[in-house]
Amino acid sequence: MEDIEPPELATQLGEQLVAEILQNASLDAVKSLVEAGAPVWYQSGAEGTSPLHAAAYVRSLELVKYLIDKGAVWNAVDFMQNTAGDIALSFNDAEIYTAVRDAGIRTELLLGLLSSRDDSSLDPSTNLILRASDDTAAGSSEDFLSSKLRYTKDESGQDLCFIEVDGEDIGVMMGWEMPIMKETVHSIYDSLPERDNIRVLNVGFGLGIIDRLFQALPTPPALHVIIEPHPDVLRYMKDNDWHQKPGVRVLEGRWQDLVEKEDFLALGGFDVIYTDTFSENYRDLHQFFEHLPDLLSGSNARFSFFHGLGATNPLFYDVYTRISELHLAEIGLDVQWSDVDVRPPKYEERWARSREYFTLPTYRLPLAYLHTLP
Ligand SMILES: C[S@@+](CC[C@H](N)C(=O)[O-])C[C@H]1O[C@@H](n2cnc3c(N)ncnc32)[C@H](O)[C@@H]1O
């Protein structure tokens, strides 16, 4: 028999594993192949189908569970950009979808825990920490803060704030997010037990959409603190007189450099906190969560954030919805989610020429508050 080099053997066994699962192989047959060395992480050369995708196609929950147990990659995407979870969704198969999603939650929580302990053995490319592999100004806070921003409007009058990365425009904030910001402010305001003299903290000004909405409330905030580090955004804020508005305090800098400062903490607790930054990943957001118990005024206070985590794929979005909920619960916050329909009437126009960063039809709006004791 011809000698086969190990990488070729892995490829051959991987192709065989995918093909046999697609032909409804039994669990025992799949186990024998895996035990013979067929890699569960393999993706077929023709379509990028992994064994987990194949198991989702043939709708075998027992194979899905077995493959996950053996280390199948929950977030692998095939050449059509579909995960195994997306395939389960397309069949309306809740059990398989949940099995893949829960594998994602477990893996991401574990990787998050390990990376917070600075485990250098971790390969960031295997987890979903957003934009981990993006070393452009859209994925690096330092590069973003030293890049030039452009405020403009598109043909349909949509306000835009762009950053240019490698010749491509990326929206830092775009006017189509207005309904999300409106719903956020409404759901916060409607849920506030006390609406007079509210104290608001907003992290990240962007186009100032949410700040304008806070200012337009029937009872505008008594104190409205805005944290913003980018020099071009700060210039835009000055040009639009934000520094002069009654009750508004603009704090120049990154939240990381401000929230533990004594003069910031001396401002006292906030009744409303919102955060929507740019070029930061889930790890940054999780770190922000951990400051909330010190920043919220009490059980009447509300917290929300722009949930754009994994928002180009329904499975990733779902996983991050659950992970953020679990992390908020850990620090004593309950979350209520509501759905905002963000299907635009004219889809293509929503993006102007920007890279698309939110492609789902529904935005999940978080509204969090501290648990009250029974
Ligand atoms: C998406 S925009 C915010 C949009 C805003 N919610 C609105 O309604 O227009 C993000 C903003 O966060 C700012 N930002 C980025 N990193 C930040 C950080 N570490 N701390 C505070 N703000 C940050 C950016 O400069 C940008 O102005």
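As a reminder, the structure under discussion sits directly above these lines.
Below is a short write-up of the structure. These numbers were taken from a predicted model, which means no experiment stands behind them.

About the cut-offs
Residues numbered from 1 in each chain as written. Predicted model: local features only at pLDDT ≥ 70, side-chain atom pairs only at ≥ 80, totals over all residues. Heavy atoms only, no water. Helix = DSSP H or I, 4+ residues; strand = E, 2+ residues; numbered from the N terminus. Areas by Shrake-Rupley, 256 points an atom, 1.4 Å probe, with all protein chains shown as cover. Pairing = 2+ DSSP bridges. Axes fitted to C-alpha atoms, helices over the stretch in contact; angles between N-to-C directions. Near = heavy atom within 4 Å. Polar contact = N/O pair within 3.5 Å; in protein donor to acceptor, adjacent residues only side chain to side chain. 1 Å grid on protein atoms, 1.4 Å probe; cavity = no way out; pocket = protein on both sides within 12 Å on 5 of 7 lines; lining within 4 Å. Sits in = over half its atoms within 2 Å of the grid points. Nonpolar A, V, L, I, M, F, W, Y, C, P; charged D, E, K, R; others polar. Parallel < 35°, antiparallel > 145°, perpendicular 65-115°, else oblique. Contact = heavy atoms within 4.5 Å.

Concerning the overall build of the chain
Step number 1: In terms of helices and strands, the chain carries 16 helices and ten strands.
Step number 2: Carbon and sulfur atoms make up 49% of the accessible area of the chain, which amounts to about 18,300 Å² in all.

Regarding the sheet that holds strand E2 (residues 159-165)
Step number 1: One open sheet holds the three strands; their spatial order is E1-E2-E3, and the pairing between them is antiparallel. The open sheet has two edge strands, strand E1 (149-153) and strand E3 (168-174), and neither has a second partner. Each adjacent strand pair in this sheet contributes to an overall mean axis angle of 35°, direction not counted.
Step number 2: Two strands pair when backbone bridges link them, and E1 and E2 are joined in this way by five bridges, in the antiparallel orientation. Looking across to E2, one finds that Arg150 is bridged to Phe162.

A few points about the site of the ligand
Step number 1: As a structural note, the neighbourhood of the ligand is formed by 24 residues, with Val172, Gly206, Ile210, Glu228 and Asp276 the closest of them.
Step number 2: A distance of 3.0 Å is found between a nitrogen atom of the ligand and a side-chain nitrogen or oxygen belonging to Gln256.
Step number 3: A distance of 2.9 Å is found between a nitrogen atom of the ligand and a side-chain nitrogen or oxygen belonging to Asp276.
Step number 4: Considering the ligand on its own, with 610 Å² of exposed area, one finds that the protein chains cover 99% of that surface.
Step number 5: In a pocket analysis with a 2 Å cut-off to the grid points, the ligand is assigned to the largest cavity.
Step number 6: Counting residues per element, the ones that place at least two in the shell around the ligand are E3, helix H9 (209-215), strand E5 (223-228) and helix H11 (255-258).
Step number 7: Considered class by class, the residues forming the shell around the ligand number 14 nonpolar, six polar and four charged.

Topic: unusual backbone geometry
Step number 1: In this model, Asn197 sits at a positive phi of 55°, which is unusual for a non-glycine residue.
Step number 2: Among the structural elements, Asn197 can be located in the loop between helix H8 (178-191) and strand E4 (199-203).
Step number 3: Phi angles above zero are rare outside glycine, and Asp241 is one such case at about 60°.
Step number 4: Locating Asp241 in the fold gives a position in the loop between helix H10 (231-239) and strand E6 (248-252).

A word on the packing of helix H1 (residues 6-22) against helix H2 (residues 27-35)
Step number 1: Contact geometry of H1 with H2 gives a least axis separation of 10 Å together with a crossing angle of 170°. With respect to H2, the element H1 is oriented roughly antiparallel. Each of Leu13, Gln16, Leu17, Glu20 and Ile21 in H1 lies in contact with H2, whose residues at this interface are Val30, Leu33 and Val34.
Step number 2: Its residues assigned to classes, the contact of H1 with H2 comprises six nonpolar, one polar and one charged.

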